[in-house]
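# Examining the three-dimensional arrangement
Okay, here's what each chain looks like letter by letter:
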Amino acid sequence: MYLSKLFIPITKDLPAEAKIKSHQLMLRTGMIKQSSAGIYSWLPLGFKVMKKIEQIVREEQNAVGAQEMLMPTIQSSEIWKESGRYEDYGEEMLRIKDRQGREMLYGPTNEELITDIFRSSVKSYKSLPQILYHIQWKFRDEIRPRFGVMRCKEFFMKDAYSFDLSDEEAKKSYNKMFYSYLKTFNRIGLKAIPMSADTGPIGGDLSHEFIILAETGESKIYADKNIFEINLNQYEFNDTSLKKMREDFTKIYAVTDEKYKEEEFNQKVKKENQMFTKGIEVGHIFYFSDKYSKPMNCLIDDKDGKKTSVKMGSYGIGVSRLVGAIIEANYNNDVMKWPRNISPFDIVILPSISKNNRKNFEKAEKIYKELKKQNIDVLLDDVDENMSNKFKKHDLIGVPYQIIVGSKSEEDNFEFKELNSKSEILTLDKIIKKIKN
């Protein structure tokens, strides 16, 4: 992609309404544009990052046996009345009527709809277990949307739902998703801590939030620093190992402020290991047994031919929120640095060009074509402006690697720079190897 062709409305001024870095940087770099309070358009740069995160989330869901589907954004109120949540959910639910006067809603979550789908299709324990998921837009009418994509009204979310015959089997599905979440966050460069948390309007008696440390986070967290020492790679993907994994994580003290008790914290955690700070919730998993299946009459035949309510859990990751969370975790002053696998581009070429000297641009174009042949996603800055402005702009965007074509470039040797690091002179072959590795 040539920068002159890319729709990327970068602004110089700091947006007055943006209070945290991720919101400021996403607006400044033209990743998003506010449509109305808490609702954003995702412009090409931001959309590309979000779709890469979505694909990683999808791959890790598929890896644990979850099956992708797609449910609509608009739901009937009838199934919510069956579950008893229609009135209880509160003013965050956007309620609407169609032209026939039927009560509808813009889905804030999908427990009712997935239960309705499941009960119409599965009747026997022989079809269990099942984990179904989709990645879809949600809407919650936040009373005070803030912090850009971190707390907005409309958001892009992966939500999964498990169906099992018994509580024991359901905990196995819960452990699979616990593992999948940790793997997902590791892949996008985040160290997420699973923390015991309240279940809120979803319900149930077992719940974990996945929190990343960030001073701008809304969650207060209290934890034992030893939780960072657990190596996820030691666990195998089987029921016994996954059960041990969850036990290893949950026996170390880590809770959000809703579950924090000072006396318990001081008893269980040595002073030198105590950590109390703020964090950002990037995922939440729940086990709620038959909270929805029982009132909605979602029954299956067990091994003895008796009707029993299917046992369920739900599992959410805010895909759009992760874009902001990754910025909060990785920015340095006004420099973003994307993990390579979600960066909008793998590398940017910065030629020093002017109207009177096109040689550097010609070199840059040759490099650009070669990188494209190697299936490297490359951005070529073909805009005629001074190098100082180019560096500031691309530091702001945060593409992890740069090739600088200027006075230090000779024949097949070019100045190569990793963001926030010193530059080095390398051949194009070595640069390609470095990027691919």
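The structure this text deals with has already been given above.
Here the structure is a predicted model, which is why all the values come from computation and not from measurement.

The subject of this paragraph is the side chain of Asp-302. Considering the arrangement of structural elements, one finds Asp-302 in the loop between strand 14 (299-301) and strand 15 (307-309). Here Asp-302 sits buried without a salt bridge, and the closest side chain of opposite charge, Lys-306, lies 6.3 Å off (N-O distance). Looking at Asp-302, its side chain comes within polar contact range of the main-chain nitrogen of Asp-304, at 2.9 Å.

The next point concerns the sheet that holds strand 5 (residues 94-97). Within a sheet, each strand pairs with its neighbour through backbone hydrogen bonds, oriented either parallel or antiparallel. With antiparallel pairing, 3 strands are arranged side by side in an open sheet as 4-6-5. In this open sheet, the two edge strands, each paired with only one partner strand, are strand 4 (74-76) and strand 5. For this sheet the average axis-to-axis angle between neighbouring strands, irrespective of direction, equals 40°. The pairing of strand 5 with strand 6 (residues 103-106) spans 4 bridges and is classified as antiparallel. Opposite Arg-95, over in strand 6, you have Leu-105 as the bridge partner.

For the coordinates displayed, the defined rule picks out 32 salt bridges. The structure contains a network of salt bridges with shared partners spanning Lys-51, Glu-54, Arg-58 and Glu-68.

What follows covers the side chain of Thr-184. Along the chain, Thr-184 turns up in helix 5 (residues 167-187). A polar side-chain atom of Thr-184 sits 2.8 Å from the main-chain carbonyl oxygen of Ser-180. Other than its neighbours up to four places away in sequence, Thr-184 contacts Ile-56, Val-57, Glu-60 and Ile-317.

The rules behind the values
Residues numbered from 1 in each chain as written. Predicted model: local features only at pLDDT ≥ 70, side-chain atom pairs only at ≥ 80, totals over all residues. Heavy atoms only, no water. Helix = DSSP H or I, 4+ residues; strand = E, 2+ residues; numbered from the N terminus. Buried < 20%, exposed > 50% of the residue type's maximum accessible area, 1.4 Å probe, protein only. Lys, Arg positive; Asp, Glu negative; His and termini not counted. Salt bridge = Lys/Arg side-chain N within 4 Å of Asp/Glu carboxyl O. Polar contact = N/O pair within 3.5 Å; in protein donor to acceptor, adjacent residues only side chain to side chain. Pairing = 2+ DSSP bridges. Axes fitted to C-alpha atoms, helices over the stretch in contact; angles between N-to-C directions. Contact = heavy atoms within 4.5 Å.

Interpretation note: all reported values are geometric properties and have no functional meaning in isolation.
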